[in-house]
Amino acid sequence: MAITYLKSADPRPEVENNDIRDIVAIMLANIERGGEAAVRDYAMKLDGWTGEIVLSEDERKAACTRVPEDLKADIRFAHANIRRFAEAQKATMGECEIEVMPGLIAGQKQIPVSSAGCYVPGGRYSHVASALMTITTAKVAGVPHITAVSPTRPEVGIPDAIVFAMDLSGADLILNLGGVQGIAAMAKGMFGGKPADILVGPGNSYVAEAKRMLFGSVGIDMFAGPTDSLVVADHTASVETVAWDLVSQAEHGKDSPVWLVATDRALAEGVINRVSALIDSLPETNAAAARIAWDERAEVILCDSREEAAEVADRYAPEHLQVQAADLDWWLDRLTAYGSLFLGKETTVAFGDKTSGPNHVLPTSGAARYTGGLSVHKFTKTVTWQRCNDVASHELALRTARISRVEGMEGHARAAELRKRP
């Protein structure tokens, strides 16, 4: 077995995060002291926003009215797919009850969290799909209160299409806020919201750090880094299709690696030769982002066999894993480490990013080795309960007391022995 790197990248540099951590810590401390006034101040200084923080019902309706009907139809299409998939996930989450031993009944319940905070990125792109993915999933899970935030644009606020997606998905409260201040406002339940039990949604390094610092007092979906994608391809794949799939994900920016793992040299070399022209065909801003990602972060890896290619893919544990190869069922059974899997040339990560249904909030930076993406499960607590009669209680008391004394926990032993029958 041999692995050949036709294009390699230096390891992603260990970014010095001390500055980001210090800035976020100071901001969170200022917001803790200054409350809503501090949040408003950051909104003005960082985003140039001087309008109301809470998006009123009238403003929400007006924004929705301004969205073109064809775009509304597209957003409704994506929302329906995302909702249906989340509903199917929820159907797999059962409650149970079992008689563990005679007289001892135990079980589990599925209880949604009381409130969720959904962050929808803004910045270079308007992430309509992120509003659908986060809010819809929380709604299907049964979360009673959902607050959504997104960065504003000066004199405009949140883009109308994002507002429409938030409204369609079921956001109870929409705040004209981005960044650390938006995360903190949801966590603290400011501006009429309820303190979030969980914070979800992608964001920049400052947003990710704010979620990390708040984790513990609130739950979060995951520690997320830059998006990444890997394509596995064999001789049956199309150079043009594989190249476009890589370029489309490189479009996310300079920190977003893309990888090709190929079992056919002609295919791999063809992709390398084709990518540059495809990047040049993009709009200038998109091309600039994709160019840096391809030049600095991309890798093309040639493997001798599909088993070797699968081993490489599992080792990289990508956020997005796309297979364009023969015998797709083999790959589905064999691959074990990915955020979301896309099988066949007819599908693409772009579908998953926008409209197809499975959630696009996924583990990055190799975290797919141990966790999956956002789902109804993240908004739901699996809790247990138990009860027993006096016969079971007597038996449990005897054994619990003995184990407790072996452990040196006399209080536990005596609490147990109170349940013994005379």
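Everything here concerns the structure above.
On a predicted model such as this, the values are computed, not experimentally measured, just so you know.

K.L.:
Whenever I open this one, the sheet that holds strand E14 (residues 380-388) confuses me. Can you help?
P.N.:
Strands belonging to one sheet form pairs held by backbone hydrogen bonds; the direction of such a pair is parallel or antiparallel. Spatially, E2-E3-E14 is the arrangement adopted by the 3 strands of the open sheet, whose pairing is antiparallel. Edge positions in the sheet fall to strand E2 (96-101) and E14, since each has one partner strand and no second. The average undirected angle you get between the axes of adjacent strands in this sheet is 25°. As paired strands, E2 and strand E3 (residues 104-112) are joined by 5 bridges and run antiparallel to one another. Residue pairing in the sheet places Met101 in a bridge with Leu104 of E3. Of the strands in this sheet, E2, E3 and E14 are in contact with helix H14 (residues 390-406), which crosses E14 at around 100°.

K.L.:
So what exactly am I meant to see when it comes to the pattern of salt bridges here?
P.N.:
It is possible for side chains bearing opposite charge to pair when their charged atoms get close. All chains considered together, the criterion is met by 20 salt bridges. The salt bridge partner of Asp314 is Arg334, with a shortest N-O separation of 2.7 Å. One end of the pair, Asp314, is in helix H11 (residues 306-316); the other, Arg334, is in helix H12 (residues 328-334), with 20 residues separating them in the sequence. For Asp314, a relative accessible area of 14% puts it in the buried group. Across the pair Glu417 and Arg405 runs a salt bridge, and its minimum N-O distance is 2.8 Å. Of this pair, Glu417 sits in helix H15 (residues 410-417) while Arg405 sits in helix H14, placing them 12 residues apart in sequence. Here the salt bridges share partners, and the residues they tie into one network are Arg405, Glu410, Arg414 and Glu417.

K.L.:
Any chance you could explain the packing of aromatic side chains here in plain terms?
P.N.:
Tallied over the full model, the rule gives 3 aromatic pairs. Seen from their ring centres, Phe215 and Phe223 are 5.8 Å apart, and the 85° between their planes marks the pair as edge-to-face. Since its relative accessible area comes to 48%, Phe215 is described here as partly exposed. Sitting over the ring of Trp294, Lys7 keeps its end group 5.3 Å from the ring centre.

K.L.:
I would appreciate a short explanation of the sheet that holds strand E5 (residues 145-149) in the present structure.
P.N.:
Taken together, 5 strands build an open sheet; the order of strands is E6-E5-E4-E7-E8 and the sheet is parallel. The open sheet has two free edges, formed respectively by strand E6 (173-175) and strand E8 (219-220), since each of these has just one partner strand.

Each value, and the rule that gives it
- Along each chain, numbering runs from 1 in the same order as the chain's sequence is written.
- Per-residue local features of the predicted model are confined to residues with pLDDT of at least 70, and side-chain atom pairs are confined, for both listing and counting, to 80 or more; whole-chain, interface and lining totals are unaffected and use all residues.
- Excluding hydrogens and water, the side-chain figures rest on all heavy atoms present in the structure.
- Pairs of strands are assigned from DSSP output, requiring at least two bridges between the strands.
- Each helix corresponds to a stretch of at least 4 residues labelled H or I by DSSP, and each strand to a stretch of at least 2 residues labelled E; elements are numbered beginning at the N terminus.
- Here, axes are lines fitted to C-alpha atoms. For helices the fit covers the stretch in contact, and angles between N-to-C directions go from 0 to 180 degrees.
- By definition, residues are in contact when any of their heavy atoms lie within 4.5 Å.
- Definition used for salt bridges: Asp or Glu carboxyl oxygen within 4 Å of a side-chain nitrogen of Lys or Arg.
- Throughout this description, buried means an accessible area under 20% of the type-specific maximum (1.4 Å probe, protein chains only), exposed means over 50%, and partly exposed covers the range between.
- Stacked, tilted and edge-to-face are the three classes assigned to paired rings of Phe, Tyr and Trp, where Trp is represented by its six-membered ring and a pair needs centres within 6.5 Å; plane angles under 30 degrees give stacked, over 60 edge-to-face, the rest tilted.
- Counting as a charge over the ring demands two things of the Lys NZ or Arg CZ atom: a distance within 6 Å of the ring centre and an angle within 35 degrees of the ring normal.

The values are spatial; any link to function lies outside them.
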